[in-house]
Amino acid sequence: MSDYRFPYKDAAFLMNDVLGFEQMCQDAGLEDVNAELATAILEEAGRLGSEVFAPLNEVGDHKGATLGENGVQETPGFADAYRQYVDNGWASLSGDEQYGGQNMPRMLAAAVVEVWDSSNLGLSLCPLLTTGAVEAIAAHASDELKDTYLPNMVSGEWTGSMCLTEPAAGSDLAAVTSKAVPEGDHYLVSGQKIFITWGDHQMTNNIIHLVLARLPDAPAGVKGISLFLVPKFLLDENGQPGERNDAYCVGIEHKLGIHGSPTCTMSFGDKGGAIGYLVGKPHNGLMAMFTMMNEARQGVGIQSLGVSERSYQQAVAYAKERLQGTRSDGSRYPIIEFPDVRRMLMMMKSATEAMRGLIYTAAAEADRAHAVGAASRRDFPSDPATSAEAAQKHAARNALYTPIVKGWISELSQEITSYGIQVHGGMGFIEETGAAQHYRDARILTIYEGTTGIQGLDLAGRKTLGDKGAALKSLLEEIQAVAEEMADVESLAGMAASLMEAVRAGEEAMVWLLSNASQDRNAAGGASVNFMMLLGYVCGGWIMGRSALTANNLSESGDGDQAFLTAKQVTARFYFDHLLPRAGSCLATIKAGSESMMALDVEQF
Ligand SMILES: Cc1cc2nc3c(=O)[nH]c(=O)nc-3n(C[C@H](O)[C@H](O)[C@H](O)COP(=O)(O)OP(=O)(O)OC[C@H]3O[C@@H](n4cnc5c(N)ncnc54)[C@H](O)[C@@H]3O)c2cc1C
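> Just to check I follow, could you spell out the overall build of the chain for this structure?
Broken down by element type, the chain carries 19 helices and 14 strands. Expressed along its principal axes, the backbone C-alpha trace of the chain runs to roughly 80 × 65 × 55 Å. The proportion of buried residues among the 605 residues of the chain is 56%. Taking the intrachain contacts of the chain between residues at least 6 apart in sequence as the baseline, contacts between residues at least 24 apart amount to 75%. One way to put it: in the chain the 45 positive side-chain charges average out to a point 4 Å from where the 75 negative ones average out.

> So what exactly am I meant to see when it comes to helix α16 (residues 523–557) here?
Note: α-helices contain 3.6 residues per turn, so residues at a spacing of three or four share the same orientation. The end-to-end C-alpha distance of α16 is 50 Å, a good match for the 51 Å that 35 residues give at a rise of 1.5 Å each. Where α16 terminates, the next one or two residues include Gly-558, which has phi positive at roughly 75 degrees.

> What is the right way to look at empty space enclosed by the protein in this model?
Space left empty within the atom packing is revealed by a probe, the size of a water molecule, rolled over the atoms. Going through the model one piece at a time under the given rule, you end up with three cavities of 30 Å³ or more. Quantified by volume, the largest cavity comes out at close to 50 Å³. For the lining of the largest cavity, the secondary structure elements donating two or more residues are α3 (35–62) and α12 (435–442). Counting residues per element, the lining of the largest cavity draws most heavily on α3, at four residues. Residues belonging to the lining of the largest cavity are distributed by class as follows: three nonpolar, seven polar and two charged.

> Just to check I follow, could you spell out unusual backbone geometry for this structure?
In terms of backbone geometry, most residues other than glycine have negative phi values and most peptide bonds are trans. In this structure, Phe-195 takes a positive phi of about 60 degrees despite not being glycine. In this structure, Phe-195 sits in strand β5 (residues 186–197). Of note, Glu-449 is a non-glycine position whose phi angle comes to about 60 degrees, a positive value. Examined against the element boundaries, Glu-449 turns out to sit in the loop between α12 and α13 (452–460). Judged by relative accessible area, which is 13%, Glu-449 ranks as buried.

> Whenever I open this one, the packing of aromatic side chains confuses me. Can you help?
By convention here, two paired aromatic rings are described through the distance between centres and the angle between planes. This structure, assessed with the given rule, holds 13 aromatic pairs. Ring pairs connect the aromatic residues Phe-53, Tyr-82, Tyr-85, Trp-90 and Trp-116, which therefore count as one cluster. Residue placement shows Arg-244 over the ring face of Phe-233; its charged tip is 5.4 Å from the ring centre. Just above the ring of Phe-290 sits the side chain of Arg-462; from NZ or CZ to the centre is 5.0 Å.

> I would appreciate a short explanation of the packing of helix α8 (residues 285–321) against α12 in the present structure.
The geometry of a pair of packed helices is captured by two quantities: the angle between their axes and the separation between those axes. The geometry of α8 relative to α12 is characterised by a closest axis approach of 10 Å and an angle of 160 degrees between their N-to-C directions. On the basis of the axis angle, α8 is roughly antiparallel to α12. For the element pair α8 and α12, the recorded crossing hand is left-handed. Across from Val-307, Arg-310, Ser-311 and Gln-314 in α8, the residues of α12 making contact are Ala-435, His-438 and Ala-442. Per-class residue counts for the contact of α8 with α12 are three nonpolar, three polar and one charged.

> Please clarify how the pattern of salt bridges should be interpreted in this entry.
Side chains carrying opposite charge are able to pair once their charged atoms draw close together. By the definition in use, this model includes 26 salt bridges. Among the salt bridges present, the one from Arg-83 reaches Asp-87, with a minimum N-O distance of 2.9 Å. You can see Arg-83 and its partner Asp-87 sitting in helix α4 (residues 78–87), four residues apart, about one turn around the helix. The exposure class assigned to Asp-87 is exposed, which follows from its relative accessible area of 54%. Put simply, Lys-349 and Glu-353 hold a salt bridge, and the shortest N to O gap is 2.8 Å. Note that Lys-349 and Glu-353 are positioned in helix α9 (residues 339–379) at a spacing of four residues, about one turn of the helix. Each member of the pair, Lys-349 together with Glu-353, is buried. Salt bridges linked by common partners bring Asp-10, Glu-114, Glu-309, Lys-349, Glu-353, Arg-356 and Lys-568 together as one network.

> Where do I start with the nonpolar core in this structure?
In summary, soluble globular proteins display a tendency toward joint burial of nonpolar side chains. Membership of the largest hydrophobic core comes to 170 residues, with the highest contact counts inside it found for Leu-210, Tyr-360, Trp-408 and Phe-531. The leading source of residues in this core is α16, at 18 residues. Excluding its chain neighbours within four sequence positions, the residues that come into contact with Phe-531 are Leu-459, Ala-460, Thr-464, Leu-472, Ala-509, Met-510, Leu-513 and Ile-590. Core analysis: the next-biggest nonpolar cluster, separate from the first, contains 19 residues, Ile-196, Val-230, Ala-247 and Phe-268 among them.

> Even after reading the chapter, I still don't get the environment of Ser-124, so can you show me in this structure?
Secondary-structure assignment places Ser-124 in helix α6 (residues 121–140). Separated by 3.0 Å, the side chain of Ser-124 and the backbone oxygen of Leu-121 make a polar contact.

> Help me understand the layout of surface pockets, please; the structure alone is not making it clear to me.
Looking at the second largest pocket, its volume works out to about 990 Å³. In this structure, the second largest pocket is lined by 37 residues; those nearest its centre are Thr-165, Ile-447, Tyr-448, Glu-449 and Gly-450. Of all the elements in the fold, those that place two or more residues in the lining of the second largest pocket are α6, β5, α8 and α13. Residue composition of the lining of the second largest pocket, grouped by class: 21 nonpolar, eight polar and eight charged.

> Before we go on, may I ask you to explain the pairing of strand β3 (residues 159–163) in this structure?
Across a regular strand the side chains alternate sides, sitting on one face of the sheet and then on the other. Counting buried positions over the five residues of β3 gives five, a clear majority of the element. Burial along β3 is two-sided: Thr-159, Ser-161 and Cys-163 and Gly-160 and Met-162, pointing in opposite directions, are all buried. Relative to strand β6 (residues 207–213), β3 runs parallel, the two sharing five bridges. The partner of Ser-161 across the bridge, within β6, is His-209.

> Got a minute to help me understand helix α7 (residues 143–154) in this structure?
Between its terminal C-alpha atoms α7 stretches 15 Å, which fits the 16 Å expected from twelve residues at 1.5 Å a residue. Of all the residues in α7, the buried ones are Leu-145, Lys-146, Tyr-149, Leu-150, Met-153 and Val-154. Down the axis of α7, the sector holding all buried residues measures 125 degrees, keeping them to one side. Taken from the residues just after α7, Gly-156 is the one with a positive phi, measuring 90 degrees.

The rules behind these values
Residues numbered from 1 in each chain as written. Predicted model: local features only at pLDDT ≥ 70, side-chain atom pairs only at ≥ 80, totals over all residues. Heavy atoms only, no water. Helix = DSSP H or I, 4+ residues; strand = E, 2+ residues; numbered from the N terminus. Buried < 20%, exposed > 50% of the residue type's maximum accessible area, 1.4 Å probe, protein only. Contact = heavy atoms within 4.5 Å. Lys, Arg positive; Asp, Glu negative; His and termini not counted. Charge placed at Lys NZ, Arg CZ, Asp CG, Glu CD. Expected span 1.5 Å × (residues − 1). 1 Å grid on protein atoms, 1.4 Å probe; cavity = no way out; pocket = protein on both sides within 12 Å on 5 of 7 lines; lining within 4 Å. Points joined across faces, edges and corners; volume = space filled by probe spheres on them. Nonpolar A, V, L, I, M, F, W, Y, C, P; charged D, E, K, R; others polar. Phe/Tyr/Trp six-rings, centres within 6.5 Å; stacked < 30°, edge-to-face > 60°. Lys NZ or Arg CZ within 6 Å of the ring centre and 35° of its normal. Axes fitted to C-alpha atoms, helices over the stretch in contact; angles between N-to-C directions. Parallel < 35°, antiparallel > 145°, perpendicular 65-115°, else oblique. Left-handed = near helix turned anticlockwise from the far one by under 90°. Salt bridge = Lys/Arg side-chain N within 4 Å of Asp/Glu carboxyl O. Core = buried A, V, L, I, M, F, W, Y, C linked by side-chain atoms within 4.5 Å. Polar contact = N/O pair within 3.5 Å; in protein donor to acceptor, adjacent residues only side chain to side chain. Pairing = 2+ DSSP bridges. Arc of directions from axis to C-beta.

Shown next as structure tokens:
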């Protein structure tokens, strides 16, 4: 089992040198936040991750949560690790100051979250769900609910859960049947939810469930779903957890991976009704839940990065140690010297770095949406339309990134963690090296928070057909501008040409989608995942191209760690040689259409 160490150099390079972290903080009015502070924060997080979370990763795999009389008992050691996480202020890092948060930029928060995800994916799922629940409550709940619940959720004293899925309602939430009946100032919620991550545990003295259910007069379908806040313990007159609410875990799943994360079957209202409070407007719950899901979808992108990085680090350590080559003088050499092992390691390294860059880029857009909105509200207090429009532009870009961050990155994490095993040979298949755990843990990432198919549909449908390609077109233009900048640098001219070709593939795919979707009802559905993967590879090329440009400039000026800067340029070249060409193959598949996909009758399968 190898040690885990957060890749500080790559994170700092991307944040500061490529993406202009300090400028962004200044624009956001966060003058106190700078690169030095960010480094100190990352080092502290890295320490807790390496020393406390990481050693418990294997424990969680072997000793998953159990269900007993008092509910779910989490993996031994998790409660203490979580307590350290809360006591050291990690839960509140990017939280709103109004509720006790530290208001740190999301780009920095994303970097910190990679630490938790790499070091212990099962445990880190708990704060992921809490963060999503906080976002949904902050955006949609009444002031009273916000004031009552957010301070303890932002601090991490209480955790959150997301209760959407039911046996008959998975991807299709229109089929939700849980009910909520009004009673005085609250509702009585009843129904069964399945697959609820961290739906119960003993690490905190309360858990705040966000539950989708239907009011008695609800219209059918997604337009009749409302969102309710259902605490595990009702609050007493002092706002402290008191009486037990009627919300219980009645089973936990046995599963392929993330054994440290309890996946609960939750029963609401078996004893008459769980007391819940409406979040947002009646029948508008799905919109409120989307706030939570979008946050969580980018969070799954970070999980995918985290587990990929851990798998990569372990593969590198093994490849340096494992002797399988014999020189003519009889001395033996390690497998890292074989080109095919290099191919796998370079794929893992270059994809992981591209993923990290895209995640920071998306987080920066969320920071800008927040900052621009706040700044123009400040500068134009009497003109709410201007501030809304300014923030909207960045929010739309962030929304465009979301399915790519979730879908493309989680799909790549499957390949990376599989290579993590392959590099280990037979020892990868054997559990004791730990390589297999990353592969098993990663397998859920393309499924929860909307499967890859759903991400593809979101990108092709709502995010591209929805605005006739406007947001995507502006992104592709930005990528083209970077390619043109690269073309002016002799050593990057070849890469520039490849990036331009990939941008053209993206444009062609978009035009194909826009012109075929209305004529062929299967066109968008059949093309959507390839469309998402294509744009993922193009975005990765954009990030790696910008990284190569920056590394080249810094190298020429003699600034920075020269070995790192050279490695960055080589890694970018590998990405362009081995991963970016996949964009062309995605385009060919998209243009082939859905005919052969749909031609067989169901009986012919
Ligand atoms: C470990 C784990 C943790 C989870 N945590 C939570 C949680 O905390 N809260 C929660 O509410 N849920 C949770 N889930 C549920 C998870 O979000 C769902 O499993 C997921 O949304 C898929 O739903 P499903 O399993 O019913 O699959 P289905 O919807 O039955 O999908 C099966 C297949 O059909 C495809 N498919 C379905 N509909 C479409 C479509 N419209 N277009 C194209 N393809 C489609 C899917 O892509 C998939 O390949 C969790 C699940 C697991 C396994």
